[in-house]
Amino acid sequence: MSYTPIIGLEIHLELKTQSKMFCGCKNDPFHAPKPNIYTCPVCLGMPGGLPVPNKKAIEWTILLGLALHCKVNMVSKFDRKHYFYPDLPKGYQISQYDQPLCSGGVVSLPEGDVRIHRVHLEEDTGKLQHTTIDGKEVTLIDFNRSGVPLIEIVTEPDIRSGEHAKSFLKKLHQIIRYLDISDADMEKGSMRLEPNISVKKSEDEGLPPYKVEVKNINSFNFVKKAIEYEVDRHVSILESGTIPKQETRGWNEDAGQTFSQRSKEHAEDYRYFPDPDIPPLRFTEQYIESLRENLPELPEEKARRFKEVYQLSDQSIEILIGNRQIAQYFEDAVKEGQSHNLSPVTIANWIINKKVDIHAVSATDLLHQIIQATTIIHVSDDEIQQAIQDTLSEHAKAVQDYKAGKKQALMFLFGQVMKKLQGRGDKKIIQERLEQSLS
Ligand code: ZN
Ligand code: MN
C-alpha cells in the first residue's frame, strides 16, 4: 500500500515594532529588565481599556502578504476570539476571523509549491512561568509580552514531507528577514511553528478524515523530525486498519518523539465576533501600491538577477543571497572590483571559499586580499626548472621521504622551491612541475 502525507503549517511571528499592537507600551519583552513593566490598562485587559491598532504592524503584515504573492483584502477587521487562560486577561484574544488582511498566496519550491491560505494579524499573550517559591509550586505571569503584534501565517495542506516543510520554512524565514519586520528568532520564541499532519492512502480522493497538530516547535529541524515521526506513526496505525486519533501533540526532542497532549475531537468554538472597539479597516489601491513599491528586492528576484548579471553558479547564488547584508557586500565588492579587472565570479568564490567575515573585512580590504593572492608575477620556465633541480639535490632526504610515501615531504619541497623563486610564479603550475620532476 502506498501512502501520501498531507501536511499544513501554522506559523506565529512576533513583529519588531517599537510599540505593542493595541497600546503604546514598549514592545521588547525579551530584553525587559523586569517582568510586568511594559504594561498598561489595555494590555493588562482592564475594563474600559480601549485598543488602538498599530499602523506599522498592519503595514508590515500587508508587506509580508505581498511578498508571499497574497491578495490584500481591501476591507479587513479585527475579531474577538474567546477562550480562557491565565495569560490572556481579557478572556479573549484580538485576532482576525473571516476578513484577514491577506489571503491566497504561494511560495515556490523545487519540491513543490506551497500555497498560503491566509496571513492575519493578532496579539500575543502574556507568558506563564511555572516555578517553586518557598517550597510551593506556583505559576507566575509576565505581561510584558501581552499585546505584542503577532502575525499568523496558515498554509494550505500542500506539504508532503518533513524535508519539504523545512525548505518551505527556510524560504519563509529568509523572506521575513529580507523584509526586516521580525527577528524571527525561534530560540526566543519570536517565530513559533505548528505542523498539522495526516496521512492518506495514495489512491484515496480528498483529505483524510482526521489531523494531528504538533504544538509550538522551535526549530526547523524539530519540525522535520516531528513530521517524520508522525507520518511513520500514522502509517502503522492505518496499516492496522484503524484511523489515528484527532489530537494535539507536543514534541519531546530528547526522546525524539511526539506525545499526546489533548484529544481534539471537535473544532473548538471561540465565539468569534467583530471587536466593537475597533472600526473596520479600509484600504485604497493607492495605499497598497505604495506599500508594494516599498518592497525590497526579494531573494527570488535577487537570485534571478545574480544569475543574469554576474553569471554565478546556483550554489554560489544560494549562499550570497542568504541575507541582504552579504548580498550587498558582494555587490559593493563587484562594483569596486571592476577597476581592478576582478570578475564577479572571482569575488564570489573568494567570499565563499574563504568564509569571509563581512563585518570584519571591508569590501576594499577584501579586494586588496584578492589582488595580492591572485597576482602572478611571471617567471620563466627555465627559472622554475632550475629552482626545482636545485631544491631536489639540496634536500635528498626529503626526496627519499616523499618516495617512501610521506606526503608532508612534498609540501616541504614545494616550500623550498617557492623560497628560491621568492614567492613568484603560479603556485599550481610550480607544484605540477615539482611532482613531475619527483616522479
Ligand atoms: Zn499596554
Ligand atoms: Mn493565532
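The rules behind each value
Residues numbered from 1 in each chain as written. Chains lettered and ligands numbered in written order. Predicted model: local features only at pLDDT ≥ 70, side-chain atom pairs only at ≥ 80, totals over all residues. Heavy atoms only, no water. Pairing = 2+ DSSP bridges. Helix = DSSP H or I, 4+ residues; strand = E, 2+ residues; numbered from the N terminus. Contact = heavy atoms within 4.5 Å. Axes fitted to C-alpha atoms, helices over the stretch in contact; angles between N-to-C directions. Donors = N, O, S within 2.8 Å, 3.2 Å for Na, K, Ca; no water. Buried < 20%, exposed > 50% of the residue type's maximum accessible area, 1.4 Å probe, protein only. Parallel < 35°, antiparallel > 145°, perpendicular 65-115°, else oblique. Nonpolar A, V, L, I, M, F, W, Y, C, P; charged D, E, K, R; others polar. Salt bridge = Lys/Arg side-chain N within 4 Å of Asp/Glu carboxyl O.

Colleague: Explain the sheet that holds strand β7 (residues 114–123) residue by residue, including any values.
Modeller: If you walk across this open sheet you meet the nine strands as β2-β6-β7-β10-β1-β11-β12-β13-β14, and the pairing is mixed. Lying at the two open borders of the sheet, with one neighbouring strand each, are β2 (71–72) and β14 (257–263). As paired strands, strand β1 (residues 3–14) and strand β11 (residues 191–201) are joined by eleven bridges and run antiparallel to one another. Residue pairing in the sheet places Glu10 in a bridge with Glu194 of β11. Where helix α1 (residues 55–67) meets the sheet, it contacts β1, β2, β6 (102–107), β7 and β10 (149–155), and its direction lies at approximately 175° from that of β7.

Colleague: Outline the coordination of the zinc ion (ligand 1), supporting the account with residue identities and numerical values.
Modeller: The coordination sphere of the zinc ion (ligand 1) contains the protein donors Cys23 (SG), Cys25 (SG), Cys40 (SG) and Cys43 (SG), at a distance range of 2.3 to 2.4 Å. Expressed as a motif, the donor residue spacing for the zinc ion (ligand 1) is C-x1-C-x14-C-x2-C. Of this pair, Cys25 sits in the loop between β1 and α1 while Cys43 sits in the loop between β1 and α1, and the two are 18 residues apart along the sequence. By relative accessible area, Cys25 is classed as buried at 9%.

Colleague: Please give an account of the packing of helix α8 (residues 344–353) against helix α9 (residues 363–374) that cites residues and values.
Modeller: Two quantities define a packed helix pair, namely the angle between the axes and the distance from one axis to the other. Between α8 and α9, whose axes approach to 11 Å, the crossing angle comes to 100°. Here α8 lies roughly perpendicular to α9, going by the angle between them. Contacts between α8 and α9 involve Thr346, Ile347, Trp350 and Ile351 from the former and Leu366, Leu367, Gln369, Ile370 and Ala373 from the latter. Looking at the contact of α8 with α9, its residues break down into seven nonpolar, two polar and no charged.

Colleague: Please set out the pattern of salt bridges residue by residue, giving values where relevant.
Modeller: Counting across every chain of the model gives 32 salt bridges. Notably, a salt bridge pairs Lys16 with Asp180, separated by 2.7 Å at the nearest N-O pair. One end of the pair, Lys16, is in the loop between β1 and α1; the other, Asp180, is in the loop between α2 (162–179) and β11, and 164 residues separate them in sequence. With its nearest N and O atoms 3.2 Å apart, the salt bridge here joins Asp277 to Arg80. One end of the pair, Asp277, is in the loop between β15 (273–274) and β16 (281–282); the other, Arg80, is in strand β4 (residues 79–82), with 197 residues separating them in the sequence. With a relative accessible area of 31%, Asp277 lands in the partly exposed category.

Colleague: Tell me what's going on with the pairing of β1, and back it up with residues and numbers.
Modeller: Most of β1 sits out of view: eleven of its twelve residues are buried. Pairing of β1 with β10, which is carried by five bridges, proceeds in the antiparallel orientation. Bridging from a neighbouring strand, Glu10 pairs with Val154 of β10.

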